Amino acid sequence: MSAVRLTLIGKPGCHLCDDARSVVEEVRERLDAAGVATTLDERDITRDAALAELHAEHIPVVQIDGRRHAIWRVDPDRLAAAVTKAARNPLRALRRR
């Protein structure tokens, strides 16, 4: 089973982004203990004009394997369930190509 790719899109100085990062890290630790591997890529909208145009008023954004999961607030139980489901999906690897 390959690692589920999480992406956190935000910007420095954003308190909601800091909150989301904390939730994502908490969930990643919980999932790691349960044997579900994840990676985390953080993207800063102040360094990417295309991201800023897409998400300027809708940060933070959490994506699972490139698909939007949440904006503004991240529920830890909902995130954990969605990542676990993604990890168990046998077709996931085909969609990521």
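Anyway, here's the lowdown on the structure attached to this text. Remember, predicted model here, so these are calculated numbers, not experimental data.

1. Let's talk about the overall build of the protein
- Looking only at helices and strands, the protein has 4 helices and 4 strands in total.
- Along the protein, helices (α) and strands (β) appear in the sequence β-α-β-α-β-β-α-α when read from the amino end.
- On C-alpha atoms alone, the protein measures out to a radius of gyration of 13 Å, which is about the 13 Å that the 2.2 N^0.38 rule sets for 97 residues.
- By principal-axis analysis of the C-alpha atoms, the protein measures approximately 35 × 30 × 15 Å.
- Looking at the protein as a whole, 39% of its 97 residues are labelled buried.
- A sequence separation of at least 24 residues applies to 66% of the contacts in the protein between residues at least 6 apart.

What counts as what
Residues numbered from 1 in each chain as written. Predicted model: local features only at pLDDT ≥ 70, side-chain atom pairs only at ≥ 80, totals over all residues. Heavy atoms only, no water. Helix = DSSP H or I, 4+ residues; strand = E, 2+ residues; numbered from the N terminus. Rg over C-alpha atoms; globule rule 2.2 N^0.38 Å. Buried < 20%, exposed > 50% of the residue type's maximum accessible area, 1.4 Å probe, protein only. Contact = heavy atoms within 4.5 Å.

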